[in-house]
Amino acid sequence: MSRRALRPVFKRLWLLAPVVTLGVGCSSTWGCDFDKNSGPRTFALPATLNDGGVPTQDTPCEDLCEALGATTPCSRIAKGEGGAEADMVTCEASVLCEGRRPEGLCSDGAVAAEVPPLGALFARMAHLEAASVPAFERLADELAGHGAPERLVRAARRAAKDEVRHASAMESLALRQGAPMPELKVAPFQPRSLEALAIENAVEGCVRETFGALLAGWQARSAEDAQVRESLGAIAPDELMHAELSWAIDAWAMEQLSPEARERVDAARREAWRELERNAVTSHLPDDVARLSGLPAADVARRLVRELAAELMPGALA
Ligand SMILES: [Fe+2]
Ligand SMILES: [Fe+2]
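Not measured: the values here are computed from a predicted model.

K.L.:
Quick question: what am I supposed to make of the coordination of the iron ion (ligand 1) here?
P.N.:
By definition of the ideal shapes, four donors in a tetrahedron about a metal sit 109.5 degrees apart, and six donors in an octahedron sit 90 or 180 degrees apart. Taken together, the protein donors to the iron ion (ligand 1) comprise Glu 129 (OE), Glu 163 (OE), His 166 (ND1) and Glu 239 (OE), at separations of 1.8 to 2.3 Å. Every donor counted, the four donor atoms about the iron ion (ligand 1) form angles of 86 to 137° at the centre, which fits irregular coordination. Each donor residue of the iron ion (ligand 1) lies on the same chain, and together they follow the pattern E-x33-E-x2-H-x72-E. The distance between the iron ion (ligand 1) and the iron ion (ligand 2) is 3.4 Å, with Glu 163 acting as a donor to both metals. Of the two residues, Glu 163 sits in helix α4 (residues 150-176) while Glu 239 sits in helix α6 (residues 226-256), which places them 76 residues apart along the sequence. Classification of Glu 239 as buried rests on a relative accessible area of 6%.

K.L.:
Looking at this model, I keep getting lost on the confidence of the model for the chain. Mind explaining?
P.N.:
Close inspection of predicted coordinates is inappropriate for parts of the model with low pLDDT. Confidence in the prediction for the chain averages 87 pLDDT; 90% of positions are at 70 or higher. Across the chain, α4 holds the top mean pLDDT of 97, while strand β1 (residues 38-44) sits lowest at 62.

K.L.:
When you look at the nonpolar core in this model, what are you seeing that I'm missing?
P.N.:
A general tendency of soluble globular proteins is for nonpolar side chains to be buried together. Counting residues in hydrophobic clusters, the biggest one holds 58 residues, and the most contacted among them are Phe 10, Phe 122, Met 170, Phe 211, Leu 214, Trp 273 and Leu 308. Elements that contribute at least two residues to this core include exactly α1 (3-14), α3 (117-145), α4, α5 (194-222), α6, α7 (259-282), α8 (287-293) and α9 (298-312). Top element by residues in this core is α5. It accounts for nine residues. With residues near it in sequence (within four places) discarded, Phe 211 still touches Leu 96, Glu 98, Leu 276, Ala 301, Leu 304, Val 305 and Leu 308.

K.L.:
Help me out: how do you make sense of the coordination of the iron ion (ligand 2) in this one?
P.N.:
Protein ligation of the iron ion (ligand 2) involves Glu 163 (OE), Glu 209 (OE), Glu 239 (OE) and His 242 (ND1), the donor distances falling in the range 2.0 to 2.3 Å. Bound by four donor atoms, the iron ion (ligand 2) shows angles of 89 to 148° at the metal and therefore irregular coordination geometry. Along the chain, the residues that donate to the iron ion (ligand 2) are spaced as E-x45-E-x29-E-x2-H.

K.L.:
I keep staring at the pattern of salt bridges and nothing clicks. Help me out?
P.N.:
Here the idea is simple: oppositely charged side chains can pair when their charged atoms come close. Applying the stated criterion across every chain, the model contains 24 salt bridges. For the salt bridge of Arg 101 with Glu 204, the shortest nitrogen-to-oxygen distance reads 2.7 Å. Here Arg 101, found in the loop between β3 (88-94) and α3, pairs with Glu 204, found in helix α5; they are 103 residues apart in sequence, far enough to count as distant. According to the relative accessible area criterion, Arg 101 is partly exposed, its value standing at 28%. The salt bridge involving Arg 278 is made with Glu 271; its shortest N-O contact spans 2.9 Å. Since its relative accessible area comes to 34%, Arg 278 is described here as partly exposed. Overall, Glu 271 belongs to the partly exposed group, its relative accessible area being 35%.

Cut-off values and rules
Residues numbered from 1 in each chain as written. Chains lettered and ligands numbered in written order. Predicted model: local features only at pLDDT ≥ 70, side-chain atom pairs only at ≥ 80, totals over all residues. Heavy atoms only, no water. Donors = N, O, S within 2.8 Å, 3.2 Å for Na, K, Ca; no water. Tetrahedral: all angles 85-135°; square planar, octahedral: opposite > 155°, others 65-115°. Helix = DSSP H or I, 4+ residues; strand = E, 2+ residues; numbered from the N terminus. Buried < 20%, exposed > 50% of the residue type's maximum accessible area, 1.4 Å probe, protein only. pLDDT = per-residue confidence, 0-100. Core = buried A, V, L, I, M, F, W, Y, C linked by side-chain atoms within 4.5 Å. Contact = heavy atoms within 4.5 Å. Salt bridge = Lys/Arg side-chain N within 4 Å of Asp/Glu carboxyl O.

Rendered as C-alpha cells:
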C-alpha cells in the first residue's frame, strides 16, 4: 500500500463524515448510564455460536455474547418481553478506540466509575496515544537493528514524538471533562524476530492505527465540541502519516521474510480486520457522548471498517 494509494481512500471515506452544523459547546452534565469504556447494548441473536452450534432458547447469554464479540454481564430478552419483536440478548459493548498498542501493554486506560463518560472516553484515548510512544520508540530501535532503511527508522522516531503531542492534547480534553490521565503500564520489551515485528506492525499499524487515523479525521469533521474538532483536526494528518509508515514498514519487512512467514503475517492481519469489525459491531456510546466526540455509531463504524478492509486487504472480510 503506497502513500499514493492510501490518501485517496481516506479522502473518500472522510467525506462521508457528517459535518457538524452547530457550534455546540461542551456541557458538564451527561445524564446517562455509560460506564467508563463499555456499556450494555441489545443485540439480535447471532446466527451461529463460536462452537458452530445454533442458538436455542436454552443457550446461556454468555455464549451468545461471546459469539457476538461482546462481553458479560448479560441477559436474555424473550420475544414479546417489553415489546421485543424477537429473542434478543443484552451484552456489554465496547468503545471504538483504535491505535497502535505496544506488546506488553498492561493498563487499559480505565478511570474511576464516577468520572463523567465523555471524560472517560478521552482518558482512554489519551492512554492509547501515550501507549503509542513506547510502541514507536521500540519499533525505531528494532528497525535499526534489523537493517531497515534509515527513512523508516527516522519516521518511527518522529511518530513517537507525534504521539507525545497527541497524548498531551487528549489529556487536555480528558481533564476538561474531569477525567485524570490513566496510568500507563508496559512490561519491559524482549528481543524478537523480524517476523514478530512484522506481525505486530500488520495488526497494530496496518489495521488498528490505520483505522484510528480514519476515525480521527471523522471526528475532526463530526464532533459537535469545537475543541474536539480542533484537537482531532491536528492529530488526523499525523495519524495518516503513521498509517502510511505502517504500510511502508510492512512492504519492506515482507520483502525480507520467507513465503511461509509472509503468510503468517497476512493471516494475523486478516484476523485483525475481523476483530476490528467485531469491535465496530459491538461498539456503543450514549447519544450525547457520540455527538460531542464525533465517533460514528456502530453501523457506520462497521461500514467504514468494511470499506477500508476492502481497499487495503480485499477479501479479508468477505
Ligand atoms: Fe496518535
Ligand atoms: Fe499514531
